[in-house]
Structure formats: structure tokens, C-alpha cells
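Residues per chain are reported as follows:
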Amino acid sequence: MSKNVLVTGAARGIGKGIALRLAADGHDVAVNDVAANEAELEAVAKEIRETGRRSAAITADVSDPASVTAMVAETADALGSLDVMVANAGIAQVLPLLEVTPEDWDRMMAVNARGIFLCYQAAAKQMIRQGNGGKIIGAASIVAHRPFALLGHYSASKWAVRGLTQAAAMEWARHGITVNAYCPGIVGTAMWDLIDEKLAESEGIRKGQAIEKYSNLIHLGRVSVPEDVAAYVSYLASPDSDYMTGQSVMIDGGIQFS
Ligand SMILES: NC(=O)C1=CN([C@@H]2O[C@H](COP(=O)(O)OP(=O)(O)OC[C@H]3O[C@@H](n4cnc5c(N)ncnc54)[C@H](O)[C@@H]3O)[C@@H](O)[C@H]2O)C=CC1
Ligand SMILES: CC(=O)C(C)=O
């Protein structure tokens, strides 16, 4: 059955992959990103419309409460309801914990923890008003289970998502809303380009070597692509996952066992 979906951080990377997969599954999909990425976001919405599904491109900063409320209202206006929220937007920063400033910490938490919380909460309020339940899905990470050195404050923000996902699942179950998170390992996106570059700088190695080093720990033998994550989100958005809530599952090629 076709559902009305909103995916944040969908101008590129994993969010774009999820938006295109959910459209291919037969859903109508509104997409969000920051205003600076409006052109790329519009291109994703156009690509979705070309598949025959409805879409809307909504620029908003997910760390801003008023913008998130407006984004959810705009999605419900454009598509008729909000049935599935994919709170995907996130940022990363490579820095030793001894050098993380309070401002670095606050920026990380503002987008990755508060932003996910605001999206979860605004979506839940909308779904409760609609009265038909819903599915809320958030971006955590393998580092929400097993932190990576030099990604300390990023890891903390993803542990926050994992805890929030469990608490929200408990509180909103009575409204028929399930809440789950996805925990990718290493996905070849702009985010990992940046991580690789910064790790290379800090370890005095060449660009490309850091991701190579981490890739050697992946039992399935390759870095993942957004489609790997999107396939799991497709399941979370489908009725097949109706009895699953509060989970933060790793899609990591087995790197967790290294
Ligand atoms: N790439 C990876 O290896 C992994 C990524 N993740 C998580 O998956 C999610 C997506 O990551 P990628 O696609 O790799 O990153 P990316 O950097 O390629 O894309 C993230 C998108 O989110 C948008 N965004 C950032 N801040 C925003 C804000 N305040 N409001 C609205 N949009 C905002 C960016 O503009 C960008 O388009 C993130 O939450 C990330 O932490 C988790 C585990 C691994
Ligand atoms: C970006 C991220 O979450 C990892 C683990 O690389």
C-alpha cells in the first residue's frame, strides 16, 4: 500500500538512496535538506516525480524547532498525510576528544541528536492527530554500538539516537507508531570522503588510505552503498516490520566483529 513519506537530508548520499528506493516501492516521498543544497534536492524530487510518484522538496534545518514543525505540516499538506518519517540528516566531524570544543559538541548534538528528536516528535504529533499509527525511522550508526576513535562526539550523538529510539518506541506504541533506527557501518558517501580526508590528515597518511584501512575490517569485503541501507529502510517502512520497534540494527558488512 502506498504511504506518504518524508526523508530528511535527502539531497545526496544515504537520504537520497532511501528516498529513491521508497519511491520505487510505490510511496509518495517528500524530501528535505538545507537551503544550501536546494538545487540537488529539487533534482531528487524531480527524479521521484519521473517515476510516477508524487514528491515535494522542502528546505529546512532539522536542528531548528519551528522549521521542523513547518516541514512536517508542509509534507502533510503536499501529500495528504505523513505515514513514514525517515529522520536521516546528520553531520560528522573527525577530532580527538581532547580538541573538541563546547561549540563543536553543541553543533554535533544540535543536528544529530536534537534534530532527530525534533523530527521524531513532530512526526509523532502529526501521526497521533491522523489516528492511523505510523512508522518513524532514524539514522544512528555502528558507532552507536561501537564508537570509533576520533569520532567521539559524533559517536555520542548516535548513542543518543539509539536511546531516544527505544524510549520513543515505548511511549508511542499505544498510538500504533513503531520507532526504529538503522546503523550503517561505512557507506561511500560525501560524509565518508570527509572522514577519510580528516583521518588521513591526522594520521599522516594519504587520502584514501584511511577508508582502505577500515575497509579491510569489513567481513563482506566491500564498503557499502546507500542502496544497502535503503533496502533495510524499505523493510522498516513496510508492513513486514509491523511487530518490530525500538531496534537499532547494524547494516555494516560485519565490521562490528572486527
Ligand atoms: N556515510 C556513512 O558511512 C554513515 C552515515 N551514517 C548516518 O547516515 C546519515 C546520512 O549520512 P550520509 O548520507 O553518509 O551523509 P552526507 O553528508 O552525504 O549527507 C547528509 C545530508 O544531510 C544534510 N544535512 C546536514 N545537516 C542538516 C540539517 N541541519 N538539516 C537538514 N539536512 C541536513 C546534508 O546537507 C546532506 O545532504 C547521517 O545521519 C549519518 O550520520 C551512519 C553511519 C555511517
Ligand atoms: C559516519 C559513520 O557513522 C561511520 C561509522 O563511519
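Each residue is numbered by its place in its chain's sequence as written, counting from 1. For this description, chains carry letters from A and ligands carry numbers from 1, given in the order in which they are written. Whole-chain, interface and lining totals are the exception, using all residues; otherwise, since this is a predicted model, local features are given only for residues with pLDDT of at least 70 and side-chain atom pairs are given and counted only at 80 or more. To obtain the side-chain values, all non-hydrogen atoms of the structure were used and water was disregarded.

> Can you tell me about the site of ligand 1, naming the residues and giving the values?
Taken together, 29 residues lie around ligand 1, and D33, N88, Y154, V187 and T189 are the ones closest in. Between ligand 1 and the protein, one listed contact pairs an oxygen atom with a side-chain N or O atom of K158 at 3.0 Å. In this structure, an oxygen atom belonging to ligand 1 sits 3.5 Å away from a side-chain N or O atom of W192. Taken by itself ligand 1 offers 820 Å² of open surface, and the protein chains cover 95% of this. Of all the cavities here, the one that holds ligand 1 is the largest pocket. Secondary structure elements with two or more residues in the shell around ligand 1: helix 1 (13–24), strand 2 (28–33), helix 5 (152–172) and helix 6 (190–203). With three residues, helix 6 is the single largest residue contributor to the shell around ligand 1. Its residues placed into classes, the shell around ligand 1 shows 16 nonpolar, nine polar and four charged. Any residue with at least one heavy atom within 4 Å of a molecule or strand is counted as near it. By the criterion applied in these results, polar contacts are pairs of N or O atoms within 3.5 Å in which, for protein atoms, one can donate a hydrogen and the other can accept it, and in which residues neighboring in sequence qualify only through two side-chain atoms. Here the accessible surface of atoms and residues is derived via Shrake-Rupley with a 1.4 Å probe, and residues count as covered only by protein chains that are part of the display. Here the term cavity refers to a set of points on a 1 Å grid, laid over the protein atoms alone, in which a 1.4 Å probe fits but cannot get out; the term pocket refers to an open set having protein on both sides within 12 Å along at least five of seven lines, with lining residues being those that place an atom within 4 Å of a point. To decide whether a molecule occupies a pocket or cavity, check its atoms: if more than half lie within 2 Å of the grid points, it is inside. By definition, any uninterrupted DSSP run of H or I lasting at least four residues is a helix, any uninterrupted run of E lasting at least two residues is a strand, and each is numbered from the N terminus. Nonpolar residues are Ala, Val, Leu, Ile, Met, Phe, Trp, Tyr, Cys and Pro. Charged residues are Asp, Glu, Lys and Arg, and all others, Gly as well, are polar.

> Outline the pattern of salt bridges, supporting the account with residue identities and numerical values.
Within this document, salt bridges are pairs made up of a side-chain nitrogen of Lys or Arg and a carboxyl oxygen of Asp or Glu, the two lying within 4 Å of each other. Summed over all chains, the structure comprises ten salt bridges. Two residues, D196 and K207, come together in a salt bridge whose shortest N-O distance is 3.8 Å. Of this pair, D196 sits in helix 6 while K207 sits in the loop between helix 6 and helix 7 (209–215), and the two are eleven residues apart along the sequence. The exposure class of D196 is buried, given its relative accessible area of 4%. A 1.4 Å probe rolled over the protein chains alone gives each residue an accessible area, and that area as a share of the maximum for its type sets the label: buried under 20%, exposed over 50%, partly exposed in between. Take K207: its relative accessible area is 48%, and that puts it in the partly exposed class. The network of salt bridges with shared partners includes D28, R53 and R54.

> How would you sum up the sheet that holds strand 4 (residues 84–87)? Please name residues and give values.
Paired strands are those between which DSSP finds at least two bridges. On the basis of which strands lie adjacent, the open sheet formed by seven strands has the order 3-2-1-4-5-6-7 and parallel pairing. Both outer strands of the open sheet, strand 3 (55–59) and strand 7 (248–251), are each paired with one neighbouring strand and no more. Taken over all neighbouring pairs, the strand axes of this sheet differ in orientation by 20° on average, direction set aside. Looking at chain direction, strand 6 (residues 177–184) and strand 7 are connected through four bridges and run parallel. Following the sheet pairing, A181 is matched in strand 7 by S248. Packing of helix 1 onto the sheet brings it into contact with strand 1 (4–7), strand 2, strand 4 and strand 6, and relative to strand 1 it is tilted by some 170°. A fitted line through C-alpha atoms represents every axis, and for helices the fit uses only the stretch in contact; the resulting angles, taken between N-to-C directions, go from 0 to 180 degrees. The contact rule is simple, with two residues in contact once any of their heavy atoms fall within 4.5 Å.

> Can you tell me about the site of ligand 2, naming the residues and giving the values?
Every residue lining ligand 2 is accounted for by S141, I142, V143, F148, Y154, G185, M191, W192 and I195. For ligand 2, an oxygen atom lies 2.7 Å from a polar atom in the side chain of S141. Here Y154 contributes a side-chain N or O atom positioned 2.7 Å from an oxygen atom of ligand 2. Considering ligand 2 on its own, with 220 Å² of exposed area, one finds that the protein chains cover 95% of that surface. Using a 2 Å cut-off from the grid points, one finds that ligand 2 occupies the largest pocket. At three residues, helix 6 tops the list of elements feeding residues into the shell around ligand 2. Its residues placed into classes, the shell around ligand 2 shows seven nonpolar, two polar and no charged.

> Tell me about the packing of helix 3 (residues 65–79) against helix 4 (residues 102–130), and please be specific about residues and values.
How two helices sit against one another is set out by the angle between their axes and by the gap between those axes. Viewed as axis vectors pointing N to C, helix 3 and helix 4 meet at an angle of 40°, and their least axial separation amounts to 9 Å. As far as their axial angle goes, helix 4 and helix 3 are oblique. Handedness of the helix 3/helix 4 crossing: right-handed. Taken together, the residues of helix 4 that come into contact with helix 3 (itself represented by P65, V68, M71, V72 and A76) are L118, C119, A122, A123 and Q126. Residues belonging to the contact of helix 3 with helix 4 are distributed by class as follows: nine nonpolar, one polar and no charged. Each angle is binned into one of four classes, with values under 35 degrees roughly parallel, values over 145 roughly antiparallel, values of 65 to 115 roughly perpendicular, and all other values oblique. Two helices cross in a left-handed way if the nearer one is turned anticlockwise from the farther one by less than a right angle. They cross in a right-handed way if the turn is clockwise.

> Any details on the layout of surface pockets? Residues and values, ideally.
Approximately 860 Å³ is the volume found for the largest pocket. What lines the largest pocket is a set of 38 residues, and nearest its centre among them are R12, A89, G90, I91 and M191. For the lining of the largest pocket, the secondary structure elements donating two or more residues are helix 1, strand 2, helix 4, helix 5, strand 6 and helix 6. Among the residues forming the lining of the largest pocket, the class breakdown is 23 nonpolar, ten polar and five charged. Grid points are joined across faces, edges and corners, and a volume is the space filled by probe spheres set on the points.

> So what about the state of the cysteines? Which residues, and what values?
Count a disulfide wherever a pair of cysteine sulfur atoms falls within 2.5 Å. Using the criterion set out here, one finds zero disulfides in the structure. Take C119: it sits in no disulfide, and the sulfur closest to it among the cysteines is that of C183, at 17 Å.

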